[in-house]
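Residues per chain are reported as follows:
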Amino acid sequence: MSLVPKHIKALKPYVAGKSKSEFNRKFKGISPIKLASNENPLGPSPKSIQRVKSSLDSCNRYPDSSGFELRKKLADKYNLNINNVIIGAGSEGIMSNIMRTFLHGSDQIISSMNSFIGFRVLADASGYETTWVPMKNYSYDLDAIADQTNKKTKIIYLANPDNPTGTYFTKKEFDSFMKKVPNRVLIILDEAYYEYTEDLNDYPDSMLYRYDNIITLRTFSKAYGLAGFRVGYGFAHDDLISNLMKVKLPFEPSILAQEAALGALDDDKFLVNSIQLNLDQKYAMYDFFNSNEVNIIKSATNFITLLFTDENTNDSFCNSLLEHGIIVRNLKAFGLPNCTRVTIGTEDENEIFKQGFLKVIERVVV
Ligand SMILES: Cc1ncc(COP(=O)(O)O)c(C=O)c1O
């Protein structure tokens, strides 16, 4: 008899984008650039660093378990009541909390195939039946997701924009979806890349809607540059938030993570620069891929996904770039074996990527 339930045994371990230290263990003497995990290449805001440094001395204490100061600041920024706000150890920490709080009995989950792998791992680990609906042209097929909804459906997870495709669904698509899905279904609207959608007129910012069955998730890991601190936040009806607060691990996020986030919220200039850099560099990268005849998916985020003709070409592209010290993300684990995701870096990093690309591409595309 095994102590491990079948659905846990069947899980594949999560493979994250390679870290620099992992790279250094394998390739000695090369300093790599990391374009694999959609982090902000500008680092944390100086205001975050300042706040973290000045709170190090208080780390013998537990954090305030209600996360009051950060929740209040987020509530003020979005014109909400603090009872509508939750914080957690990354938005993934909140996702995990949502699953533990609301799923029971014969509840089922629906989401999209080939979408955010972090949610896929949580859903598979939960043991609840999950329907993965195929994408249409690398985008969420909201009509098909609505059609799959049945009386056992409890949670629908939507990432908008999506990772790893970078596509987004529009206001029109979202409005029609919300009309079809009953309001007893909880919608997790994961907006991890929300800050990068500023230039899109038809993006449905979920904070401009007031549905009682939607939980909006956002994060400090991307545009705010705090991925290593692990801090995310969610907005929802106070009834949902108060129940999440009962189940949440009481002392997450850590004191330092909360301080870093508070500093980041004080630094609009850093945020604006980060978004602008990304936008400028995204268009420069589009031009580069276009002139080298590489198929890409247009992105509403801080990464671009490349489409190769087959899995072998894709594998050798990623492996050859790695040998040149450039870490990108092979999307095989996301169920997209022909695709590679490249995070948009600083101008210098992107230049290194372009040089590396030109060196390896002739070798891999025959
Ligand atoms: C769509 C999406 N949601 C959530 C996350 C995780 O965010 P966090 O670092 O806040 O857990 C990511 C990170 O890559 C993501 O791409």
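Reading the values: rules and limits
- Residues numbered from 1 in each chain as written.
- Predicted model: local features only at pLDDT ≥ 70, side-chain atom pairs only at ≥ 80, totals over all residues.
- Heavy atoms only, no water.
- Core = buried A, V, L, I, M, F, W, Y, C linked by side-chain atoms within 4.5 Å.
- Buried < 20%, exposed > 50% of the residue type's maximum accessible area, 1.4 Å probe, protein only.
- Contact = heavy atoms within 4.5 Å.
- Axes fitted to C-alpha atoms, helices over the stretch in contact; angles between N-to-C directions.
- Helix = DSSP H or I, 4+ residues; strand = E, 2+ residues; numbered from the N terminus.
- Left-handed = near helix turned anticlockwise from the far one by under 90°.
- Nonpolar A, V, L, I, M, F, W, Y, C, P; charged D, E, K, R; others polar.
- Near = heavy atom within 4 Å.
- Polar contact = N/O pair within 3.5 Å; in protein donor to acceptor, adjacent residues only side chain to side chain.
- Areas by Shrake-Rupley, 256 points an atom, 1.4 Å probe, with all protein chains shown as cover.
- Salt bridge = Lys/Arg side-chain N within 4 Å of Asp/Glu carboxyl O.
- Pairing = 2+ DSSP bridges.
- Patch = residues over 30% accessible without salt bridge, like charges linked within 9 Å, V, L, I, M, F, W, Y side chains within 5 Å.
- Lys, Arg positive; Asp, Glu negative; His and termini not counted.
- Charge placed at Lys NZ, Arg CZ, Asp CG, Glu CD.

## Some points on the nonpolar core
Buried together is how nonpolar side chains tend to be arranged in soluble globular proteins.
Argument step 1. Counting 42 residues, the largest nonpolar core has Ile98, Phe119, Leu158 and Phe177 as its most contacted members.
Argument step 2. For Phe119, the residues in contact, after removing those within four places along its chain, are Met95, Met99, Ile109, Ser111, Trp132, Tyr157 and Ile188.
Argument step 3. Residues Val52, Phe220, Tyr224 and Ala261 belong to the second largest nonpolar core, which totals 30 residues.

## A few points about the packing of helix H3 (residues 46-55) against helix H10 (residues 255-265)
Argument step 1. Direction vectors running N to C along H3 and H10 enclose 145°, while the axes themselves pass 7 Å from each other. Here the hand of the crossing between H3 and H10 comes out right-handed. Contacts between H3 and H10 involve Lys47, Ser48, Arg51, Val52 and Ser55 on the former and, on the latter, Ile255, Leu256, Glu259, Ala260, Leu262, Gly263 and Ala264.
Argument step 2. Split by residue class, the contact of H3 with H10 holds six nonpolar, three polar and three charged.

## Some thoughts on the site of the ligand
Argument step 1. Looking at the ligand, there are 13 residues lining it, with Ser91, Asn163, Asp190, Thr219 and Ser221 nearest.
Argument step 2. Within the side chain of Asn163, an N or O atom sits 2.7 Å from an oxygen atom of the ligand.
Argument step 3. Burial of the ligand by the protein amounts to 93% of the accessible area it has alone, namely 390 Å².
Argument step 4. When residues in the shell around the ligand are grouped by element, the largest group, four residues, is from helix H5 (residues 90-102).

## Focus on helix H6 (residues 117-126)
Argument step 1. Taken together, the buried positions of H6 are occupied by Ile117, Gly118, Phe119 and Ala123.
Argument step 2. Summarising the contacts, the buried residues of H6 are in contact with H5, strand E3 (108-112), strand E4 (129-133), strand E5 (153-159) and strand E6 (186-190).
Argument step 3. Two residues or fewer after H6 comes Gly127, characterised by a positive phi angle close to 85°.

## A closer look at the pattern of salt bridges
Where side chains of opposite charge bring their charged atoms close, a pairing between them can arise.
Argument step 1. Tallied over the full model, the rule gives 12 salt bridges.
Argument step 2. Measuring nitrogen to oxygen at the nearest pair gives 3.0 Å for the salt bridge that ties Asp205 to Arg218. Note that Asp205 is positioned in the loop between E6 and strand E7 (214-219) and Arg218 in strand E7, a separation of 13 residues in sequence.
Argument step 3. Among the residues examined, Asp205 registers a relative accessible area of 14% and is labelled buried.
Argument step 4. The network of salt bridges with common partners includes Arg51, Glu69 and Glu259.

## Some points on the sheet that holds strand E2 (residues 85-88)
Argument step 1. Strand order in the open sheet formed by seven strands is E2-E8-E7-E6-E5-E3-E4, and the pairing between neighbours is mixed. Edge positions in the open sheet fall to E2 and E4, since each of these has one partner strand only. Within this sheet the neighbouring strands show an average axis-to-axis angle of 20°, counted without direction.
Argument step 2. As defined by bridge partners, E3 adjoins E5 across three bridges and the pair is classed as parallel. By the bridge assignment, Ile109 is partnered in E5 with Ile155.
Argument step 3. Packed onto the sheet, helix H4 (residues 68-77) meets E2 and strand E8 (232-235) and runs at close to 130° relative to E2.

## Examining a negative patch on the surface
Argument step 1. Residues Asp280, Glu347, Asp348 and Glu351 make up a contiguous surface patch of negative charge.
Argument step 2. Among the elements that take part in the negative patch, helix H13 (residues 347-364) stands out by supplying three residues, more than any other.
Argument step 3. Residue class for Asp280 comes out partly exposed when judged on its relative accessible area of 44%.

## As for the environment of Asn40
Argument step 1. With respect to the secondary-structure elements, Asn40 resides in the loop between strand E1 (33-34) and H3.
Argument step 2. Separated by 181 residues in sequence, Asn40 and Ser221 place their C-alpha atoms 7.8 Å apart.
Argument step 3. When neighbours within four sequence positions are excluded, Asn40 is seen to be in contact with Lys222, Ala223, Tyr224, Gly225, Phe270 and Ser274.
Argument step 4. Of note is the side chain of Asn40, whose polar atom sits 2.8 Å from the backbone oxygen of Ala223.
Argument step 5. Here the side chain of Asn40 touches Ser274 through a polar contact of 3.0 Å, side chain to side chain.

Interpretation in functional terms is not warranted from these geometric data alone.
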